[in-house]
Amino acid sequence: MSKDKQLRLEADQNTAKHKSIVEQDPYRLHYHIMPPVGLLNDPNGFIQWKGTYHLFYQWMPFKTGHGAKFWGHYSSQDFVHWKHEEIALTPSEWYEKNGCYSGSAIEHDGKLYVFYTGNVKDDNGNRESYQCLAISEDGIHFEKKGPVIERLEGYTAHFRDPKVWEQDGQYFMVIGAQTKGLKGAVVLFQSENLVDWTHAGILTGGGEGILKEFGYMFECPDLFYLDGKDILVFSPQGLEPEGMKYQNVYQAGYVTGTFDPSSGTFEHGAFHELDHGFDFYAPQTTKDKKGRRILFAWMSVPDQNEQDHPTIKHQWLHNMTIPRELKCIGGKLYQVPVRELEGLRVNEAVEHRVELQQKNQQFEGVRGKAVELLAEDIIVSKGWFDISVGEAARMVYSSEQKIFTLERQSYVDGVVEKRHCRLDDLNNLHIFVDTSSIEVFINDGEHVFTSRFYPSPDNESIQFGASEKSCFTIKKWDLTRIF
Ligand code: FRU
């Protein structure tokens, strides 16, 4: 049997073996993409191809830890219903034997081309990496073409995560890299045919320019044009916490500027985090046929207490965010849940206009474990306003300090931990809760907090409080179970 066949068989067997224990987990999500078993990390190869959305993902089907990754595959027509397709890539060849690492997809001549990193380790743990190509005619079965780019001089083997796009009749690729001087960098390649690639310089980092001292590795770069700006999204590693910023082990964010395809240069401004919550990393975007720029991210962070998640005893770990549409307004990226997610709603909204000046208030019908909440026309003229979900997550806005906070009970030791952002005024909150995940979109998506949290499974309460008179309208929908 070929190595590829054998790996597929073993992955299928392991999925079948653990299906029932996975499904018995009360923290299994209802409408977020998860692995059927084992560990999921980065979104990969996200594309709308021949009408269908394809989302591939980093998958370790044999354990709830990292290792020789596969490309798992989900497809959807509408971002609501997802089909788990057969495995797209297994780490079966010499140039990827320790993992088919992250990458991207592009359409060419009616075929689906995917670029990914072949990760290779020798017996002494030395790493090598190859940027590889695989081509599909049906979007399901891939023919591997092997490495198309080898590592450059001047970089360590942390050279990965190719993202490809077309511009002005040429193809470009960005790669996340680490220089031999241990600086994070984004490297640019250019091609006429997607097979032969030429190095076109450093796009940013590498110990030069505005990101000169900015960590030791940039992962998962993604460069795209949106609303008049060129935007580079990437995940830097090695930043120190700075006030409210950079509180997680690693970050994910963006810079905006102008990319010149003829010279391969990118003039850009300062780095902004995309999310203020505890669990957000390695985002990847695509432009769909409606012209929308849509993002998925991994709802976790590498090396951040991953082994303490309670889902591990049910043999699975991690999930994607909901899909979000990006807009660039005044040089800032806004994120809003894609419109299609209204298709998850199972009932008409429960709605209340509320005036509140007490703690721990509940409103009829406003409860549940998989819900969408929309708080609008919020007026907090003095003091603080809060919303608690289960007993394990709380959002607080202090109108005096002008700070928005997300608190959660740590799944490691139960202690309350906090993330913050500055917020001059709180106007609206759009919140997606899904058994053990919460995504909070503030003021039409200007700020976002994304996190896992673990309330007692039978606690479906949602409570509101205010220290002084506060007003708002609250709408709530129950969301259906897809998975
Ligand atoms: C980011 C990352 C990528 C790599 C992949 C491996 O989370 O480390 O840089 O390609 O995960 O699973």
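Rules of the game
Residues numbered from 1 in each chain as written. Predicted model: local features only at pLDDT ≥ 70, side-chain atom pairs only at ≥ 80, totals over all residues. Heavy atoms only, no water. Core = buried A, V, L, I, M, F, W, Y, C linked by side-chain atoms within 4.5 Å. Buried < 20%, exposed > 50% of the residue type's maximum accessible area, 1.4 Å probe, protein only. Helix = DSSP H or I, 4+ residues; strand = E, 2+ residues; numbered from the N terminus. Domains from an automatic or database assignment. Contact = heavy atoms within 4.5 Å. Buried area = accessible area lost by both parts, 1.4 Å probe. Salt bridge = Lys/Arg side-chain N within 4 Å of Asp/Glu carboxyl O. Polar contact = N/O pair within 3.5 Å; in protein donor to acceptor, adjacent residues only side chain to side chain. Nonpolar A, V, L, I, M, F, W, Y, C, P; charged D, E, K, R; others polar. Pairing = 2+ DSSP bridges. Axes fitted to C-alpha atoms, helices over the stretch in contact; angles between N-to-C directions.

(A) Spatial organisation of the nonpolar core. Ranked by size, the top nonpolar core spans 41 residues in total, and within it I33, F79 and F296 carry the most contacts. The element contributing the most residues to this core is strand β2 (residues 52-60), with four residues. Built from parts of two domains, this core gets at least three residues from each of domain 1 (3-337) and domain 2 (347-478). Among the nonpolar cores identified, the runner-up in size contains 35 residues, and V371, L406, I431 and F464 belong to it.

(B) Representation of unusual backbone geometry within the structure. Even without glycine at this site, L182 takes up a positive phi of about 60°. Mapped onto the secondary structure, L182 falls in the loop between β10 (170-179) and β11 (184-191). Positioned with a positive phi, K402 is a non-glycine residue whose angle comes to about 60°. Mapped onto the fold, K402 is located in the loop between β26 (393-398) and β27 (403-409).

(C) Summary view of the domain arrangement of the protein chain. Here the protein chain is partitioned into domain 1 (3-337) and domain 2 (347-478). On a C-alpha basis, the centres of domain 1 and domain 2 stand 30 Å from each other. Contacts between domain 1 and domain 2 engage 36 residues on the former and 37 residues on the latter. Interface area for domain 1 against domain 2, summed over the two sides, is near 3200 Å², with a carbon-plus-sulfur share of 58%. When the buried surface of domain 1 facing domain 2 is broken down by residue, M244, H276 and F278 rank first, second and third, together holding 25% of it. Between the two partners, domain 1 and domain 2, sit three salt bridges. Across the pair D279 and R408 runs a salt bridge, and its minimum N-O distance is 2.9 Å. For the pair domain 1 and domain 2, the number of links is 28 residue pairs in polar contact (both at pLDDT 80 or more). Within the side of domain 1 that touches domain 2, the residues separate by chemical class into 16 nonpolar, 14 polar and six charged.

(D) Representation of the sheet that holds strand β23 (residues 350-356) within the structure. Taken together, six strands build an open sheet; the order of strands is β23-β33-β24-β29-β30-β31 and the sheet is antiparallel. Single-partner strands in this sheet number two, and they are β23 and β31 (447-452). For this sheet the average axis-to-axis angle between neighbouring strands, irrespective of direction, equals 15°. Relative to β31, strand β30 (residues 437-442) runs antiparallel, the two being bridged by six bridges. Residue pairing across strands places I438 opposite S451, the latter belonging to β31.

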